[in-house]
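Residue-level listing of the chains:
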8 protein chains.
Amino acid sequence: MELIDILAKVQSGDLDPAAAAELINAAAPPAYDDLGYAVVDHDRRSRTGAAEVIYCAGKTPEQIVGIMRNMISRGTDNILATRASQETFDFVCSAIPDAEYFAPARIIALTRKSEPKRGPRVLVVCAGTSDIPVAEEARVTADFLGCDVQGIYDVGVAGLHRLLARLGDLRGAGVIIVVAGMEGALASVVAGLTPCPVIAVPTSVGYGASFGGIAALLAMLNSCASGVGVVNIDNGFGAAMLASHIVNLTAEK
Amino acid sequence: MELIDILAKVQSGDLDPAAAAELINAAAPPAYDDLGYAVVDHDRRSRTGAAEVIYCAGKTPEQIVGIMRNMISRGTDNILATRASQETFDFVCSAIPDAEYFAPARIIALTRKSEPKRGPRVLVVCAGTSDIPVAEEARVTADFLGCDVQGIYDVGVAGLHRLLARLGDLRGAGVIIVVAGMEGALASVVAGLTPCPVIAVPTSVGYGASFGGIAALLAMLNSCASGVGVVNIDNGFGAAMLASHIVNLTAEK
Amino acid sequence: MELIDILAKVQSGDLDPAAAAELINAAAPPAYDDLGYAVVDHDRRSRTGAAEVIYCAGKTPEQIVGIMRNMISRGTDNILATRASQETFDFVCSAIPDAEYFAPARIIALTRKSEPKRGPRVLVVCAGTSDIPVAEEARVTADFLGCDVQGIYDVGVAGLHRLLARLGDLRGAGVIIVVAGMEGALASVVAGLTPCPVIAVPTSVGYGASFGGIAALLAMLNSCASGVGVVNIDNGFGAAMLASHIVNLTAEK
Amino acid sequence: MELIDILAKVQSGDLDPAAAAELINAAAPPAYDDLGYAVVDHDRRSRTGAAEVIYCAGKTPEQIVGIMRNMISRGTDNILATRASQETFDFVCSAIPDAEYFAPARIIALTRKSEPKRGPRVLVVCAGTSDIPVAEEARVTADFLGCDVQGIYDVGVAGLHRLLARLGDLRGAGVIIVVAGMEGALASVVAGLTPCPVIAVPTSVGYGASFGGIAALLAMLNSCASGVGVVNIDNGFGAAMLASHIVNLTAEK
Amino acid sequence: MELIDILAKVQSGDLDPAAAAELINAAAPPAYDDLGYAVVDHDRRSRTGAAEVIYCAGKTPEQIVGIMRNMISRGTDNILATRASQETFDFVCSAIPDAEYFAPARIIALTRKSEPKRGPRVLVVCAGTSDIPVAEEARVTADFLGCDVQGIYDVGVAGLHRLLARLGDLRGAGVIIVVAGMEGALASVVAGLTPCPVIAVPTSVGYGASFGGIAALLAMLNSCASGVGVVNIDNGFGAAMLASHIVNLTAEK
Amino acid sequence: MELIDILAKVQSGDLDPAAAAELINAAAPPAYDDLGYAVVDHDRRSRTGAAEVIYCAGKTPEQIVGIMRNMISRGTDNILATRASQETFDFVCSAIPDAEYFAPARIIALTRKSEPKRGPRVLVVCAGTSDIPVAEEARVTADFLGCDVQGIYDVGVAGLHRLLARLGDLRGAGVIIVVAGMEGALASVVAGLTPCPVIAVPTSVGYGASFGGIAALLAMLNSCASGVGVVNIDNGFGAAMLASHIVNLTAEK
Amino acid sequence: MELIDILAKVQSGDLDPAAAAELINAAAPPAYDDLGYAVVDHDRRSRTGAAEVIYCAGKTPEQIVGIMRNMISRGTDNILATRASQETFDFVCSAIPDAEYFAPARIIALTRKSEPKRGPRVLVVCAGTSDIPVAEEARVTADFLGCDVQGIYDVGVAGLHRLLARLGDLRGAGVIIVVAGMEGALASVVAGLTPCPVIAVPTSVGYGASFGGIAALLAMLNSCASGVGVVNIDNGFGAAMLASHIVNLTAEK
Amino acid sequence: MELIDILAKVQSGDLDPAAAAELINAAAPPAYDDLGYAVVDHDRRSRTGAAEVIYCAGKTPEQIVGIMRNMISRGTDNILATRASQETFDFVCSAIPDAEYFAPARIIALTRKSEPKRGPRVLVVCAGTSDIPVAEEARVTADFLGCDVQGIYDVGVAGLHRLLARLGDLRGAGVIIVVAGMEGALASVVAGLTPCPVIAVPTSVGYGASFGGIAALLAMLNSCASGVGVVNIDNGFGAAMLASHIVNLTAEK
């Protein structure tokens, strides 16, 4: 119930001011359910444009199923759960059989109501084969969020011609997610070649002085080509969320 | 001259293949001028959507004026130079009198041809008064790039009601740039309240364990609210560039 | 035996000065037992207000049982052992059957003499479900120490209304322990909303640039809202100890 | 105007629901003034127990005076401004002549209405002479906040007997603020000797591997004696705020 | 097909300019094959002097075999795959039986066409027995690349006479690869004794403050003896690649 | 053969100068044996006062036995091997049955010729039970090296009276090795109480912001009590070596 | 007055037990003077073997003179003050004219009673000319403390023969202090060549990845030659203190 | 005097063996001069292929002139001194008037005997105008060392076509020194395009998360294109030394 409606009832005498004050103060609660171990946020889609996503790391399979069931019970058709192991999926699947698992992306998705994809195109570009799991997390998430998404993998700067050959794809994209580990140079090179927003995802691919992705993270933050927004190391999910927000913006226009 | 034109001349016999090959290989040169100390990139606007911007740190005033004059000679009407001290501006201004200086932002701008602002609205939100210089770098840059930009300053989370009172502005924006130092919590809070893309700029405001902006940078990279793209510490300019790319995207639709 | 008593005996001639000097110098020993691998500190409660707590990491199960038995033999009724695995508890339990295990908190507790809880209320607030183990370490410890403690979990800033809906609880608390990983913004937000002492516990929840809790730690140390004391990463126990010291203070008045 | 009053007017027909909704949404504004460069938070005392404090670093003297005048105009009698240089004070003093300057603490204070000090005692203990400026920031702030505060300086662990000689003072305190640079061992030693809450302030005193206070900060976070809350490096102000919150708690009982 | 040939066809009328433009733009593709998970770079030898090497970490055995088969199908006789476990080799070997495994070096090599070794001598010197795996990665790679390579192991500076006794070997070398963990002092000492290029490889050998090789890395970057090029921690492969490039240079003269 | 002897032979005409030059240059070899994977340094005792010690980490059991046998064959009676697992010892023991294993210290020792202990007393003091393995590495090594060594364990500063009660032992020692993790404060406190050289060993005991021993390491390097030499994290062995060198010095006088 | 004397008076009835208890508790005070800003520790020499040394950084000249005068008034003949600027010395000298200044070492010394030097020899060895200020701090301090000290400067490992030529000096020393910046390799090399205790002082000499001395510090902590104790970066004073403690030990024998 | 000559004299009876032993042990001294503050290494050219270079940072102008004069007196014609300020040069120049100063490179050079340049070509490529001082340090040093050197400046990856247009120069070089700050991507891109050894020099150009060159340093160490040797941040001199060693190698063949 909206604030304006509560007030109308107060004016019409259908509602006591004290009760209304309580109602207004309590207006938030219907927006979530408190499961004890989790307070499921049912208002998130209307507030931020995307429903709550379950981050599985550090949660028990029972908790994950509990949250999913709660969301289903509140009318959420499509649910995304990231950082899920195969074991977690097996447990979830026994409870919710139409859940799907995207193994390299480590994502569980429930899609009961599919929507047409909307443009502009989101391109997920990754530097090497070892970066594919993170790129897939981004691609699967963007797809789940209704984006028209495409992946171009293993086009790192050590073989620049592989990238330049895809210049048409790069320039035709609306948003580009660049996924790279090691020295992360791909983000700068792509941003220097294209006019669209670039979202950079450093990965933990590498060893030694890559320091679990710090080298790539710093490189991306210091990109000499501007217009690059960086997300956390290995955070393919977050990059896709940001891309989706950008795509939404064009849709809203 | 476009590639297709070169080839047409080859077919018509007006051009020798070997000469054409050289021409094609040399196709890039017209896109820049080599001043010895700088190779000015005149192709950048067509390639990335924004003309080259001069990063003044580490350049002599003479070099800056040299680059500006070269750009002017090649038909660039509007020029932006960031990280410029008052001394640098004084020198520039004696050479190019219609250059302007935005002191808190440390930006020199030359605007000989102004364009109408285009939407959606870019909002620059900063946490504290001490963050204003970085916020201004973002605001002035976005304005220069033709964005419809607005600043809301000193609404950090220590006084949450100050921020909540601006919820209407936040929700009405197309892109929000959040500028914050210290613990950088404002980015997460804003991203949790709005559906639009959020660009986070950590600042070096703080002392001790803020480590020159690292605390805010890490906080923003780890935002529990997703959809946040992060730029370098104190990089108001880069945030505005990314915002402008996003705005462009909606315009292109 | 107190120093003043020793001296009285010297004056009365019941004690030789040399023997007394030895006694005084040796006055500390009765306050501990040396087990070779551990010097159990029996004076700690009188000195610091809380009995010695066993930190299990790096100790063998035999050592842990040895220390517990020594404490029991010296009259300690209630014993707390933190960072204990299930395997450790199984061993302890076979030796001391009335020991209890709090699995998520990884705490072993022996409570042979329970005391009434004392106020004011200690509130343990955590940001996400994955932070619960650390929050439980704090809650179980505070409860063991006789505090009136309550937990409010999964109210992170990504869904601010979940937190604001608990404003009454927050403002009614005497001490608030805020447990958060990732960007740790919850501590600043809570401290900005309440007048009571806030103890912040960063957790190692997160990945990539959370660096095992460093991001949250730095955020909490740089909180723009003042009045926040920070403890070590994942140190729910230490936060509860500090909260209990604060509660004791109000009791002493 | 309280929410309940607004609603009463709606019910009585004195207020239109739409106007009331606006009023309610706008309920926050009276709690602050927007000066453009600063949004002064006049609600902070009622919300967090202490009025807004001005952090001078990164603010111009004009901005500082502007904020102080705004606070005065809203009825604030006592104002604290930290991290203020002598130059800043000279400017402030010419505008507000009854402002005082505490040089070692780098604090400007305006105290137009003094209140009786309230207990329990807050003790500020520092390790060395070079730590005195930070200790003084804590002492002056606590005093300003109405605490009964005492300083004991230069009692670091290199000469343990100097500290042990003050055991009576330590044990008689309600809250102890320990200020130490270099290896910061004083916090652990004090916490091991006393039953009261200990607030540890690492300082940037030292050189080389003290890394501007990191060594002391880490030591304090890892204190083997529990019950220690840590604040940012050199943050004497924050320690005093936390101490004052704790003291308030005992007063409220 | 070379650019000049395309243009010749355009001139002769055998090719339409538009089609030619496409061809030219597409000229890169023949230089690689896109396997979906990998874009194999067949141009690398001609471009950089060494064929593509497979970095096995983060790739599935199936992907590795797929890449190897693609390379074989394109005429590559000799293939190197680094960071390969015994399990990976077992899988590869069942598919490509003449592949060899160098266990300490963790390298899989396929050598169907051997070439004579070329000078000058590449010397691989390591500080301790624990550094041998990295040294072997360098030695096996250099050998695979056709270098005349020799290993001298366990001659760290703790027993300087062991190194000095090999002064003749050191001074006779063309390139020296120095492999050392712990404090990495061997690189400085060798560079101070010889006139040839020194390539330093820090290793992760050590514990505590060696921080996984950072201590050795920093030491090598700060070598007081100049003429030292450093590669990533444990990167024996990269050192050998650089050595081979240097050796090639002398051959080309 | 000594240099002087070689030269005598040259003078007597028994030796050709060129051959002699070779002999002199080769004079080092007799001081070591090259096993391929290890160059065993038989000159170390005469050069540095202690025979070579085998660091087992990163070496295969076969290599360890090979080195031990080589040392035995060259007349070394007593051999120390550190960082050895139980599995390594089992292998060694099957080859060299009189080898002994010190489990907590992870040391293998072969002692075929025991020597009388020499003073002054080396004291190994550790802060907590979890530090005992490192303390034992120091104690066993010092004992192996012939020192008169004594251990005092679990006397950390959280219970200062436990330490003060041992003041007699502390003041009677010639060298004190202080082993501590967490905040490492014990080193400063001990150094402030005694006049003898203090060797500090930070341990990796702790969690969170102890960063694997960095907190203790920094604390010890920044000790406000001077006269403290620090060794690597967990390096009980190195501390004992240094202590033994110091003890040797007094013996030589 | 000694404890035993107090007790004797109690027994003889000359002293009331309560007064005696107070006396005993207060027994420490005579060992220091509280100047408000400093608690001068007059017991340090008897406790730790060396009188208190004044660390001038962060102290005002007035405070330094105050401490010196207090020490003089309590009978201290020789006083050392480190990290003193020329300006500080000028002030001190006007108050205490027989104070001396050692400019490169930045040390003020007052020596009213000189003592004969005692052996064994302390050798201060530094790697480069830029390390001399730190080496001088060590040499002047050791000399002040009565050591027979000698400096050998600029013998870094880039020119190993310069060091080897001084092998006689190295082997004749009792304690060697090695001072080196950049990669700090000199400590390992010296420790590998000599049997005596080596104290390593990393310096902040260098740039870039020397990180203000961290590179040298880590190298020294990870020395492959054992028997090296490390002090803080640029801490020549601390190295000399440790050396003096070691020398004292041989004297006591 | 060479060893073989000494021995010949021993054999001929012209020399006593004991005296000869002393001579041999002392054979090093003639290779250097000890100025007290510096031990000038006159053997360095014969040992490492390049004469000693003076690192001016941390040396007084008097020391620098002293070292130069000593080198001149020992017959060194050409002297290089790096990291020299204008003030230092002014002092040097008054003493040695034919010394030259290269201002951007901060190098003082004395060239009394010039030699013909030798190939292959050394190319110094830098990313931006702000990197020029470091690039110039490399170029001037390489030129001083007799290399045929060329500079290509401001061709960073943000405008890739500027670099690709110089592909001919890149592929024609023998050694390429890549100088880049910010994200340092240029090194990977160049190494992926050319077959020659690449020496990467990270610079401290940038701000915020460039951390004084760490971002570029890490990127270069993690280059996905292999064959890259990295030197210290801003170490143009070291890169040129390594390049010269490589060029020497081709000359020696």
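Residues numbered from 1 in each chain as written. Chains lettered and ligands numbered in written order. Predicted model: local features only at pLDDT ≥ 70, side-chain atom pairs only at ≥ 80, totals over all residues. Heavy atoms only, no water.

(A) Inspection of the overall build of chain A at higher detail. Along the backbone of chain A there are eleven helices and eleven strands. Counting only C-alpha atoms, chain A reaches 75 × 40 × 35 Å along its principal axes. Evaluated residue by residue, chain A yields a buried proportion of 64% over its 253 residues. Of the contacts formed within chain A by residues at least 6 apart in sequence, a portion of 64% connects residues at least 24 apart. Counting every atom, chain A has about 8,300 Å² of accessible surface; 51% of that belongs to carbon and sulfur. In chain A, the 19 positive side-chain charges and the 27 negative ones have mean positions that sit 6 Å from each other. (Helix = DSSP H or I, 4+ residues; strand = E, 2+ residues; numbered from the N terminus. Buried < 20%, exposed > 50% of the residue type's maximum accessible area, 1.4 Å probe, protein only. Contact = heavy atoms within 4.5 Å. Areas by Shrake-Rupley, 256 points an atom, 1.4 Å probe, with all protein chains shown as cover. Lys, Arg positive; Asp, Glu negative; His and termini not counted. Charge placed at Lys NZ, Arg CZ, Asp CG, Glu CD.)

(B) Broad picture of the state of the cysteines. Residue and element names in this part refer to chain C. Applying the stated rule across the entire model yields zero disulfides over all chains. Free cysteine C93: the closest other cysteine sulfur is in C56, separated by 14 Å. Under the relative-accessibility criterion, C93 is labelled partly exposed at 24%. Unpaired in terms of disulfides, C196 finds its nearest cysteine sulfur in C147, a separation of 13 Å. Owing to a relative accessible area of 6%, C196 belongs among the buried residues under this scheme. (Disulfide = S-S within 2.5 Å.)

(C) Summary view of the interface of chain E and chain F. Facing 18 residues of chain E, the contacting portion of chain F comprises 25 residues. For the pair chain E and chain F, the summed buried area comes to about 1,600 Å², and 55% of that belongs to carbon and sulfur atoms. Taken together, the connections running from chain E to chain F amount to two salt bridges. The interface formed by chain E and chain F includes nine residue pairs in polar contact (both at pLDDT 80 or more). For the side of chain E that touches chain F, the class distribution of residues is nine nonpolar, six polar and three charged. (Buried area = accessible area lost by both parts, 1.4 Å probe. Salt bridge = Lys/Arg side-chain N within 4 Å of Asp/Glu carboxyl O. Polar contact = N/O pair within 3.5 Å; in protein donor to acceptor, adjacent residues only side chain to side chain. Nonpolar A, V, L, I, M, F, W, Y, C, P; charged D, E, K, R; others polar.)

(D) Up close: the interface of chain A and chain B. In this assembly, 35 residues from chain A lie in contact with 35 residues from chain B. Between the two partners, chain A and chain B, sit zero salt bridges. Counting residues per element, the ones that place at least two in the side of chain A that touches chain B are α3 (44–48), α9 (185–193), α10 (214–221), β11 (228–230) and α11 (236–252) of chain A. Among the elements that line the side of chain A that touches chain B, the one with the most residues is α11(A), at nine residues. Here the side of chain A that touches chain B is composed, by residue class, of 19 nonpolar, 13 polar and three charged.

(E) How the structure looks around the relation of the copies chain A and chain B. Once chain A has been moved 0.0 Å along the axis and rotated by 180°, it coincides with chain B to within an RMSD of 0.1 Å. What the superposition gives is, in effect, a two-fold axis relating one chain to the other. (Least-squares fit on C-alpha atoms with pLDDT ≥ 70 in both.)

(F) Inspection of the packing of aromatic side chains at higher detail. All names here are of chain C. All told, the structure shown has 16 aromatic pairs over all chains when counted by the stated rule. Both rings, one in F89 and one in Y101, keep their centres 5.0 Å apart while their planes meet at 15°; by these two values the pair is stacked. Linking F89 in helix α5 (residues 86–95) with Y101 in strand β5 (residues 100–102), this pair joins segments that are twelve residues apart in sequence. For the pair formed by F89 and Y101, the shared burial category is buried. (Phe/Tyr/Trp six-rings, centres within 6.5 Å; stacked < 30°, edge-to-face > 60°.)

(G) Region of interest: the pairing of strand β8 (residues 147–152) of chain B. Residue and element names in this part refer to chain B. Two elements, strand β7 (residues 118–126) and β8, share five bridges in a ladder whose sense is parallel. The residue of β8 that forms the bridge with V124 is G151. With respect to chirality, the unit in which β7 leads through helix α6 (residues 132–144) into the neighbouring parallel β8 is right-handed. (Pairing = 2+ DSSP bridges. Right-handed = clockwise from strand over helix to strand, strands pointing away.)

(H) How the structure looks around the pattern of salt bridges. Per the counting criterion, the structure on display carries 112 salt bridges over all chains. As a salt-bridge pair, R162(H) and E52(B) come within 3.9 Å of each other at their nearest N and O atoms. Within this pair, whereas R162(H) is found in helix α7 (residues 160–164), its partner E52(B) is found in the loop between α3 (44–48) and β3 (54–55), the two belonging to separate chains. Linking R47(D) and D41(D) is a salt bridge whose minimum nitrogen-to-oxygen distance equals 3.1 Å. By relative accessible area, R47(D) is classed as buried at 5%. In the salt-bridge network here, residues are joined through shared partners; they are D41(A), D43(A), R44(A), R47(A), E52(A), D154(C) and R162(C).

(I) Focus on the arrangement of the chains. Chain E makes no contact with chain C, the minimum C-alpha separation between the two being 15 Å. Without any contact between them, chain B and chain F keep their closest C-alpha atoms 13 Å apart.

(J) Representation of unusual backbone geometry in the model. Residue P120(D) is bonded to the preceding G119(D) through a cis peptide linkage, with omega at 0°. For P120(D), the location among the structural elements is in strand β7 (residues 118–126). Residue R83(A) is not a glycine yet carries a positive backbone phi of 55°. Although it is not a glycine, F211(D) adopts a positive phi angle of roughly 45°. In this structure, F211(D) sits in the loop between β10 (198–202) and α10 (214–221).

(K) Structural context of helix α6 (residues 132–144) of chain E. Residues and elements named next belong to chain E. For α6, built from 13 residues, the straight-helix expectation of 18 Å at 1.5 Å per residue is met to within 8% by its first-to-last C-alpha distance of 18 Å. Residues I132, V134, A135, E136, E137, A138, V140, T141 and A142 constitute the buried set of α6. Once α6 ends, the next one or two residues include G146, with phi positive near 90°. (Expected span 1.5 Å × (residues − 1).)

(L) Examining the packing of helix α4 (residues 61–73) of chain F against helix α5 (residues 86–95) of chain F more closely. All names here are of chain F. Orientation of α4 relative to α5, taken along the N-to-C sense of each, is 40°, at an axis distance of 9 Å. By the criterion of interaxial angle, the relationship of α4 to α5 is oblique. Like other packed secondary-structure pairs, α4 and α5 cross with a definite hand, here right-handed. In this structure, α4 uses P61, E62, I64, V65, M68 and R69 to contact α5, whose residues at the interface are T88, F91, V92 and A95. Tallied by class, residues from the contact of α4 with α5 come to seven nonpolar, one polar and two charged. (Axes fitted to C-alpha atoms, helices over the stretch in contact; angles between N-to-C directions. Parallel < 35°, antiparallel > 145°, perpendicular 65-115°, else oblique. Left-handed = near helix turned anticlockwise from the far one by under 90°.)

(M) Region of the structure containing the side chain of T82(B). Relative to the helices and strands, T82(B) resides in strand β4 (residues 78–82). Residues within four places of T82(B) in sequence aside, it is in contact with V53(B), I54(B), Y55(B), C56(B), R106(B), I107(B), E137(B) and F237(B).

(N) Highlighting the sheet that holds strand β5 (residues 100–102) of chain F. On the basis of which strands lie adjacent, the open sheet formed by four strands has the order β3-β4-β6-β5 (chain F) and mixed pairing. Two strands in the sheet have a free side with no partner beyond their single neighbour: β3 (54–55) and β5 of chain F.

(O) Highlighting the domain arrangement of chain A. Residues and elements named next belong to chain A. Taken domain by domain, chain A consists of domain 1 (32–111) and domain 2 (118–252). The C-alpha centroid of domain 2 is placed 25 Å from the C-alpha centroid of domain 1. Taken together, the contacts link 16 residues of domain 1 with 13 residues of domain 2. Between domain 1 and domain 2 the total buried area reaches about 1,000 Å² when both faces are included, carbon and sulfur atoms providing 72% of it. The interface formed by domain 1 and domain 2 holds one salt bridge in total. Across the pair E137 and R83 runs a salt bridge, and its minimum N-O distance is 3.6 Å. Contributing elements (two or more residues each) for the side of domain 1 that touches domain 2: β4 (78–82) and β6 (107–111). Along the lines of polarity and charge, the residues of the side of domain 1 that touches domain 2 split into ten nonpolar, five polar and one charged. (Domains from an automatic or database assignment.)

(P) Structural context of helix α10 (residues 214–221) of chain E. Among the eight residues of α10(E), seven are classified as buried, and the element is accordingly described as predominantly covered. Buried residues of α10(E): A215(E), A216(E), L217(E), L218(E), A219(E), M220(E) and L221(E), and no others.

(Q) Main features of the relation of the copies chain E and chain F. The two copies are related by a screw motion: chain E maps onto chain F through a turn of 90° and a shift of 0.0 Å along the axis, at an RMSD of 0.0 Å. Given the turn and translation reported, the copies of this chain are related as if by a four-fold rotation axis. Residue F211(E) of chain E places its C-alpha closer to the rotation axis than any other residue of that unit, at 7.4 Å.

(R) Up close: the pairing of strand β9 (residues 175–180) of chain B. Residue and element names in this part refer to chain B. Within β9, six of the six residues are buried, which leaves the element mostly enclosed by the surrounding structure. Every second residue of β9 is oriented toward a common face, with V175, I177 and V179 on one face and I176, V178 and A180 on the other, all of them buried. Of the pairings in the sheet, the one linking β7 to β9 comprises five bridges and is parallel in character. Its bridge partner lying in β9, V125 is registered against V178. Pairing geometry for β9 and strand β10 (residues 198–202), over five bridges, is parallel. For I177, the partnering residue across the bridge sits in β10 and is I199. Read as a crossover between parallel neighbours, the route from β9 over helix α9 (residues 185–193) to β10 is right-handed.

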